[in-house]
Amino acid sequence: MQPDPAVAPLLSTRAIEALQSIDPETLGEVQAFREDFARFIMPYKFGIDEISTKVSILREEFAELQDYNPIEHISSRLKSAESIEQKVIRKNCEPTFEAIRDAITDIAGVRIVCSFVSDVYRVFDLLTRQEDVRVLRVKDYIAHPKPNGYKSLHVILEVPVFLSDGPVRVPVEVQLRTVAMDFWASLEHKIYYKYDGEVPERLLRDLTAAASTANQLDLTMEDLHRQVRGEGGTVYSLPASV
Ligand code: 0O2
(Lines give C-alpha, C1' and ligand atoms only; values in the text may rest on other atoms or scores of the structure.)
Protein backbone atom coordinates (compact mmCIF):
# COMPACT_ATOMS: atom_id res chain seq x y z
CA MET A 1 0.00 0.00 0.00
CA GLN A 2 1.27 3.52 -0.86
CA PRO A 3 0.67 6.24 1.77
CA ASP A 4 -1.72 9.07 0.90
CA PRO A 5 0.49 11.82 -0.70
CA ALA A 6 -1.23 14.41 1.53
CA VAL A 7 0.01 12.75 4.74
CA ALA A 8 3.20 11.07 3.45
CA PRO A 9 5.44 14.08 4.33
CA LEU A 10 4.26 13.77 7.95
CA LEU A 11 5.22 10.09 8.26
CA SER A 12 8.57 8.65 9.33
CA THR A 13 10.53 6.44 6.91
CA ARG A 14 9.70 3.45 9.15
CA ALA A 15 5.97 4.19 8.94
CA ILE A 16 6.15 4.58 5.15
CA GLU A 17 8.02 1.27 4.83
CA ALA A 18 5.51 -0.46 7.09
CA LEU A 19 2.61 0.84 4.97
CA GLN A 20 4.33 -0.21 1.74
CA SER A 21 4.76 -3.75 3.07
CA ILE A 22 0.97 -4.26 3.53
CA ASP A 23 -0.45 -6.29 0.63
CA PRO A 24 -3.84 -5.30 -0.90
CA GLU A 25 -5.57 -8.44 0.45
CA THR A 26 -4.59 -7.72 4.06
CA LEU A 27 -5.54 -4.09 3.57
CA GLY A 28 -8.97 -5.18 2.29
CA GLU A 29 -9.45 -7.36 5.38
CA VAL A 30 -8.51 -4.50 7.69
CA GLN A 31 -10.92 -2.14 5.92
CA ALA A 32 -13.73 -4.74 6.06
CA PHE A 33 -13.10 -5.21 9.78
CA ARG A 34 -13.24 -1.45 10.36
CA GLU A 35 -16.61 -1.30 8.62
CA ASP A 36 -17.96 -4.30 10.56
CA PHE A 37 -16.77 -2.77 13.83
CA ALA A 38 -18.42 0.57 12.99
CA ARG A 39 -21.70 -1.28 12.24
CA PHE A 40 -21.36 -3.28 15.50
CA ILE A 41 -20.66 -0.27 17.72
CA MET A 42 -23.27 2.11 16.24
CA PRO A 43 -26.36 0.77 18.09
CA TYR A 44 -24.47 1.15 21.40
CA LYS A 45 -23.98 4.84 20.66
CA PHE A 46 -27.72 5.15 20.02
CA GLY A 47 -28.39 3.24 23.26
CA ILE A 48 -26.38 5.90 25.09
CA ASP A 49 -28.39 8.60 23.30
CA GLU A 50 -31.67 6.97 24.39
CA ILE A 51 -30.68 6.77 28.07
CA SER A 52 -29.11 10.24 28.02
CA THR A 53 -32.34 11.68 26.61
CA LYS A 54 -34.39 9.95 29.30
CA VAL A 55 -32.14 11.36 32.03
CA SER A 56 -32.16 14.85 30.46
CA ILE A 57 -35.96 14.80 30.37
CA LEU A 58 -36.13 13.83 34.06
CA ARG A 59 -33.58 16.51 34.87
CA GLU A 60 -35.42 19.25 32.99
CA GLU A 61 -38.73 18.21 34.46
CA PHE A 62 -37.27 18.43 37.97
CA ALA A 63 -35.75 21.82 37.18
CA GLU A 64 -39.10 23.16 35.90
CA LEU A 65 -41.51 21.66 38.41
CA GLN A 66 -39.63 20.95 41.63
CA ASP A 67 -37.60 23.21 43.83
CA TYR A 68 -34.51 21.02 43.56
CA ASN A 69 -32.84 18.69 41.11
CA PRO A 70 -31.54 15.24 42.19
CA ILE A 71 -29.20 14.91 39.16
CA GLU A 72 -25.90 16.77 39.44
CA HIS A 73 -24.41 15.65 36.14
CA ILE A 74 -24.37 12.90 33.55
CA SER A 75 -21.55 11.56 31.39
CA SER A 76 -21.21 8.71 28.96
CA ARG A 77 -18.63 6.68 27.11
CA LEU A 78 -18.41 4.02 24.44
CA LYS A 79 -15.91 1.31 25.31
CA SER A 80 -12.88 1.55 23.03
CA ALA A 81 -11.92 -1.32 20.73
CA GLU A 82 -8.79 -1.90 22.91
CA SER A 83 -10.84 -2.04 26.07
CA ILE A 84 -13.37 -4.44 24.47
CA GLU A 85 -10.45 -6.62 23.37
CA GLN A 86 -9.03 -6.71 26.93
CA LYS A 87 -12.42 -7.74 28.29
CA VAL A 88 -12.80 -10.43 25.62
CA ILE A 89 -9.48 -11.90 26.81
CA ARG A 90 -10.35 -11.50 30.52
CA LYS A 91 -13.75 -13.16 30.10
CA ASN A 92 -12.38 -15.81 27.76
CA CYS A 93 -15.09 -14.82 25.29
CA GLU A 94 -15.12 -16.06 21.70
CA PRO A 95 -13.77 -13.17 19.54
CA THR A 96 -16.85 -12.82 17.31
CA PHE A 97 -19.24 -9.86 17.25
CA GLU A 98 -22.12 -12.17 18.15
CA ALA A 99 -20.39 -13.62 21.22
CA ILE A 100 -19.17 -10.18 22.32
CA ARG A 101 -22.72 -8.82 21.99
CA ASP A 102 -23.94 -11.52 24.41
CA ALA A 103 -21.05 -11.49 26.87
CA ILE A 104 -20.07 -7.84 27.23
CA THR A 105 -22.85 -5.64 28.50
CA ASP A 106 -20.92 -2.48 29.32
CA ILE A 107 -19.92 -1.38 25.80
CA ALA A 108 -22.33 1.53 26.22
CA GLY A 109 -21.95 3.27 29.57
CA VAL A 110 -23.77 6.16 31.20
CA ARG A 111 -22.86 7.62 34.58
CA ILE A 112 -25.40 9.62 36.56
CA VAL A 113 -24.09 11.60 39.50
CA CYS A 114 -26.70 12.56 42.08
CA SER A 115 -26.69 14.88 45.06
CA PHE A 116 -27.72 12.39 47.76
CA VAL A 117 -27.89 8.62 48.25
CA SER A 118 -31.70 8.67 48.29
CA ASP A 119 -31.61 10.46 44.91
CA VAL A 120 -29.55 7.61 43.45
CA TYR A 121 -32.33 5.15 44.26
CA ARG A 122 -35.00 7.63 43.21
CA VAL A 123 -33.45 8.21 39.77
CA PHE A 124 -32.92 4.44 39.42
CA ASP A 125 -36.62 3.93 40.17
CA LEU A 126 -37.76 6.64 37.73
CA LEU A 127 -35.62 5.21 34.94
CA THR A 128 -36.40 1.54 35.45
CA ARG A 129 -40.16 2.18 35.73
CA GLN A 130 -40.28 3.37 32.11
CA GLU A 131 -42.04 0.75 30.03
CA ASP A 132 -39.52 0.52 27.18
CA VAL A 133 -36.68 -0.08 29.64
CA ARG A 134 -35.82 -3.62 30.71
CA VAL A 135 -33.59 -4.28 33.72
CA LEU A 136 -31.10 -7.04 32.91
CA ARG A 137 -28.93 -6.91 36.04
CA VAL A 138 -28.40 -4.83 39.16
CA LYS A 139 -25.25 -4.65 41.29
CA ASP A 140 -25.75 -2.57 44.40
CA TYR A 141 -22.26 -1.58 45.52
CA ILE A 142 -23.85 1.06 47.77
CA ALA A 143 -25.58 -1.52 49.96
CA HIS A 144 -22.60 -3.87 49.47
CA PRO A 145 -19.42 -1.80 48.86
CA LYS A 146 -16.38 -3.45 47.29
CA PRO A 147 -13.56 -4.30 49.76
CA ASN A 148 -11.58 -1.22 48.61
CA GLY A 149 -14.52 1.04 49.54
CA TYR A 150 -15.95 1.50 46.00
CA LYS A 151 -19.62 2.47 46.07
CA SER A 152 -22.01 2.87 43.17
CA LEU A 153 -25.29 1.44 41.95
CA HIS A 154 -24.73 -0.44 38.66
CA VAL A 155 -27.59 -1.48 36.44
CA ILE A 156 -27.62 -2.99 32.97
CA LEU A 157 -30.63 -1.59 31.16
CA GLU A 158 -31.83 -2.75 27.79
CA VAL A 159 -33.46 -0.14 25.54
CA PRO A 160 -34.90 -0.36 22.04
CA VAL A 161 -33.09 1.47 19.26
CA PHE A 162 -34.95 1.93 15.97
CA LEU A 163 -32.66 1.45 12.98
CA SER A 164 -33.65 1.64 9.29
CA ASP A 165 -33.92 -2.16 9.10
CA GLY A 166 -35.90 -2.54 12.32
CA PRO A 167 -35.56 -2.24 16.10
CA VAL A 168 -32.69 -3.73 18.09
CA ARG A 169 -32.44 -3.97 21.87
CA VAL A 170 -29.21 -2.57 23.25
CA PRO A 171 -27.70 -3.07 26.72
CA VAL A 172 -26.42 0.05 28.46
CA GLU A 173 -24.54 -0.03 31.76
CA VAL A 174 -25.77 2.79 33.96
CA GLN A 175 -23.71 3.71 37.00
CA LEU A 176 -25.48 5.87 39.58
CA ARG A 177 -23.58 7.40 42.46
CA THR A 178 -23.32 10.49 44.67
CA VAL A 179 -20.88 13.35 44.16
CA ALA A 180 -18.78 12.05 47.08
CA MET A 181 -18.71 8.49 45.66
CA ASP A 182 -17.79 9.88 42.24
CA PHE A 183 -14.97 12.01 43.67
CA TRP A 184 -13.53 8.96 45.44
CA ALA A 185 -13.92 6.62 42.44
CA SER A 186 -12.23 9.08 40.04
CA LEU A 187 -9.20 9.44 42.30
CA GLU A 188 -9.01 5.71 43.00
CA HIS A 189 -9.16 5.02 39.25
CA LYS A 190 -6.28 7.46 38.59
CA ILE A 191 -4.16 5.97 41.38
CA TYR A 192 -4.89 2.41 40.20
CA TYR A 193 -3.73 3.28 36.67
CA LYS A 194 -0.70 5.25 37.85
CA TYR A 195 0.55 2.18 39.76
CA ASP A 196 -0.67 -0.25 37.10
CA GLY A 197 -2.83 -2.08 39.65
CA GLU A 198 0.04 -2.50 42.16
CA VAL A 199 -0.99 0.29 44.55
CA PRO A 200 1.28 0.59 47.63
CA GLU A 201 -0.30 -0.72 50.85
CA ARG A 202 -0.14 2.71 52.53
CA LEU A 203 -2.10 4.35 49.70
CA LEU A 204 -4.67 1.54 49.76
CA ARG A 205 -5.20 2.12 53.48
CA ASP A 206 -5.59 5.87 52.91
CA LEU A 207 -8.04 5.24 50.06
CA THR A 208 -10.18 2.97 52.24
CA ALA A 209 -10.16 5.63 54.97
CA ALA A 210 -11.13 8.27 52.37
CA ALA A 211 -14.05 6.06 51.24
CA SER A 212 -15.28 5.98 54.81
CA THR A 213 -14.96 9.79 55.04
CA ALA A 214 -16.90 10.15 51.76
CA ASN A 215 -19.57 7.86 53.17
CA GLN A 216 -19.80 9.93 56.34
CA LEU A 217 -20.10 13.10 54.24
CA ASP A 218 -22.98 11.55 52.28
CA LEU A 219 -24.81 10.69 55.51
CA THR A 220 -24.29 14.16 57.01
CA MET A 221 -25.27 16.02 53.83
CA GLU A 222 -28.40 13.93 53.39
CA ASP A 223 -29.35 14.52 57.00
CA LEU A 224 -28.87 18.30 56.64
CA HIS A 225 -30.85 18.27 53.40
CA ARG A 226 -33.73 16.46 55.08
CA GLN A 227 -33.72 18.83 58.04
CA VAL A 228 -33.91 21.84 55.70
CA ARG A 229 -36.78 20.23 53.77
CA GLY A 230 -38.49 19.14 57.00
CA GLU A 231 -38.48 15.50 55.92
CA GLY A 232 -38.37 12.41 58.17
CA GLY A 233 -36.21 9.26 58.31
CA THR A 234 -33.95 8.06 55.54
CA VAL A 235 -34.69 5.12 53.24
CA TYR A 236 -31.63 4.09 51.25
CA SER A 237 -32.44 1.02 49.25
CA LEU A 238 -33.60 -0.45 45.99
CA PRO A 239 -37.35 -0.54 45.37
CA ALA A 240 -38.93 -3.84 46.50
CA SER A 241 -39.62 -4.82 42.87
CA VAL A 242 -35.89 -5.32 42.10
P1 0O2 B 1 -14.45 1.54 32.42
O2 0O2 B 1 -13.52 2.13 31.45
O3 0O2 B 1 -14.59 2.37 33.68
O4 0O2 B 1 -15.76 1.18 31.85
P5 0O2 B 1 -18.96 -7.50 34.38
O6 0O2 B 1 -19.06 -6.33 33.43
O7 0O2 B 1 -20.11 -7.59 35.32
O8 0O2 B 1 -18.67 -8.77 33.69
P9 0O2 B 1 -17.08 -5.99 35.86
O10 0O2 B 1 -16.43 -5.24 34.74
O11 0O2 B 1 -16.20 -6.35 37.03
O12 0O2 B 1 -17.70 -7.30 35.29
O13 0O2 B 1 -18.34 -5.17 36.34
P14 0O2 B 1 -18.60 -4.19 37.56
O15 0O2 B 1 -18.20 -4.75 38.88
O16 0O2 B 1 -20.05 -3.83 37.42
O17 0O2 B 1 -17.67 -2.92 37.29
C18 0O2 B 1 -17.60 -2.30 36.06
C19 0O2 B 1 -17.22 -0.84 36.14
O20 0O2 B 1 -17.46 -0.29 37.43
C21 0O2 B 1 -15.76 -0.56 35.88
O22 0O2 B 1 -15.57 -0.45 34.51
C23 0O2 B 1 -15.56 0.78 36.58
O24 0O2 B 1 -16.07 1.85 35.79
C25 0O2 B 1 -16.43 0.63 37.79
N26 0O2 B 1 -15.70 0.04 38.94
C27 0O2 B 1 -15.87 -1.19 39.43
N28 0O2 B 1 -15.07 -1.38 40.49
C29 0O2 B 1 -14.37 -0.24 40.67
C30 0O2 B 1 -13.39 0.19 41.62
O31 0O2 B 1 -12.98 -0.54 42.52
N32 0O2 B 1 -12.91 1.46 41.47
C33 0O2 B 1 -13.33 2.30 40.50
N34 0O2 B 1 -12.80 3.53 40.44
N35 0O2 B 1 -14.25 1.93 39.57
C36 0O2 B 1 -14.77 0.69 39.66
P37 0O2 B 1 -14.24 -0.94 33.78
O38 0O2 B 1 -14.61 -2.14 32.95
O39 0O2 B 1 -13.13 -1.14 34.77
O40 0O2 B 1 -13.78 0.16 32.80
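Preceding block: the structure.
Residues numbered from 1 in each chain as written. Predicted model: local features only at pLDDT ≥ 70, side-chain atom pairs only at ≥ 80, totals over all residues. Heavy atoms only, no water.

**Q** So what exactly am I meant to see when it comes to the overall build of the protein here?
**A** Helix and strand counts for the protein stand at 7 helices and 5 strands. Listing every helix and strand of the protein by position from the N terminus yields α-α-β-α-α-β-α-β-β-β-α-α. A compact globule built from 242 residues would reach a C-alpha radius of gyration of about 18 Å, whereas the protein, at 22 Å, exceeds it by more than 25%. With 242 residues in all, the protein has 36% of them scored as buried. Within the protein, counting contacts between residues at least 6 apart in sequence, those at least 24 apart form 62% of the total. (Helix = DSSP H or I, 4+ residues; strand = E, 2+ residues; numbered from the N terminus. Rg over C-alpha atoms; globule rule 2.2 N^0.38 Å. Buried < 20%, exposed > 50% of the residue type's maximum accessible area, 1.4 Å probe, protein only. Contact = heavy atoms within 4.5 Å.)

**Q** Is there a simple way to think about a positive patch on the surface in this case?
**A** Side chains of Arg90, Lys91, Arg137, Lys139 and Lys146 sit close together on the surface and give a patch of like positive charge. Relative to the elements of secondary structure, lysine 91 occurs in the loop between α3 (81-90) and α4 (97-103). A relative accessible area of 42% means that lysine 91 is categorised as partly exposed. (Patch = residues over 30% accessible without salt bridge, like charges linked within 9 Å, V, L, I, M, F, W, Y side chains within 5 Å. Areas by Shrake-Rupley, 256 points an atom, 1.4 Å probe, with all protein chains shown as cover. Salt bridge = Lys/Arg side-chain N within 4 Å of Asp/Glu carboxyl O. Lys, Arg positive; Asp, Glu negative; His and termini not counted. Charge placed at Lys NZ, Arg CZ, Asp CG, Glu CD.)

**Q** Help me understand unusual backbone geometry, please; the structure alone is not making it clear to me.
**A** In most cases, non-glycine residues show a negative phi, while peptide bonds are predominantly trans. A positive phi is found at asparagine 92, a non-glycine position, where the angle reads about 55°. Residue placement: asparagine 92 occurs in the loop between α3 and α4. A residue is classified by how much of its surface remains accessible, and asparagine 92, at 72% relative accessible area, is exposed. Despite not being glycine, aspartate 196 shows a phi value in the positive range, around 55°. Counting through the fold element by element, aspartate 196 comes out in the loop between α6 (179-194) and α7 (201-229).

**Q** How should the packing of α6 against α7 be read in this particular structure?
**A** The relative placement of two packed helices is expressed as an angle between their axes plus a distance between the axes. Direction vectors running N to C along α6 and α7 enclose 165°, while the axes themselves pass 9 Å from each other. As judged from the angle between their axes, α6 and α7 are roughly antiparallel. Considering how the two elements wind past one another, α6 and α7 form a crossing that is right-handed. Each of Ala180, Met181, Trp184, Glu188 and Ile191 in α6 lies in contact with α7, whose residues at this interface are Leu203, Leu207, Ala210, Ala211, Ala214, Leu217 and Asp218. (Axes fitted to C-alpha atoms, helices over the stretch in contact; angles between N-to-C directions. Parallel < 35°, antiparallel > 145°, perpendicular 65-115°, else oblique. Left-handed = near helix turned anticlockwise from the far one by under 90°.)

**Q** Quick question: what am I supposed to make of the site of the ligand here?
**A** In the region of the ligand, 19 residues are neighbours, and Arg77, Lys139, Tyr141, His154 and Glu188 sit closest. Contact between the ligand and lysine 91: an oxygen atom at 2.9 Å from a side-chain N or O atom of the residue. Take arginine 137: an N or O atom from its side chain is 2.8 Å from an oxygen atom of the ligand. Calculation on the ligand without its partners gives an accessible area of 750 Å², and the protein chains cover 76% of this total. For the shell around the ligand, the secondary structure elements donating two or more residues are α3, β3 (134-140), β5 (166-178) and α6. In terms of residue count, α6 provides more of the shell around the ligand than any other element does, 3 residues in total. A per-class count over the shell around the ligand returns 3 nonpolar, 4 polar and 12 charged. (Near = heavy atom within 4 Å. Polar contact = N/O pair within 3.5 Å; in protein donor to acceptor, adjacent residues only side chain to side chain. Nonpolar A, V, L, I, M, F, W, Y, C, P; charged D, E, K, R; others polar.)

**Q** I keep staring at a nonpolar patch on the surface and nothing clicks. Help me out?
**A** A surface patch of nonpolar side chains, about 270 Å² in accessible area, is lined by Val7, Leu10 and Leu11. Residue position: leucine 11 is located in the segment before α1 (13-20).

**Q** Explanation requested: the environment of arginine 59 in the structure shown.
**A** One can find arginine 59 in helix α2 (residues 24-65). Arginine 59 sits in the partly exposed class, given a relative accessible area of 28%. It is 9.3 Å that separates the C-alpha atoms of arginine 59 and histidine 73, two residues lying 14 residues apart in sequence. Excluding residues that lie within four positions of it along the chain, arginine 59 makes contacts with Asn69, Ile71, Glu72, His73 and Ile74. Within the local environment of arginine 59, its side chain forms a polar contact with the backbone oxygen of glutamate 72, the two atoms lying 2.6 Å apart.

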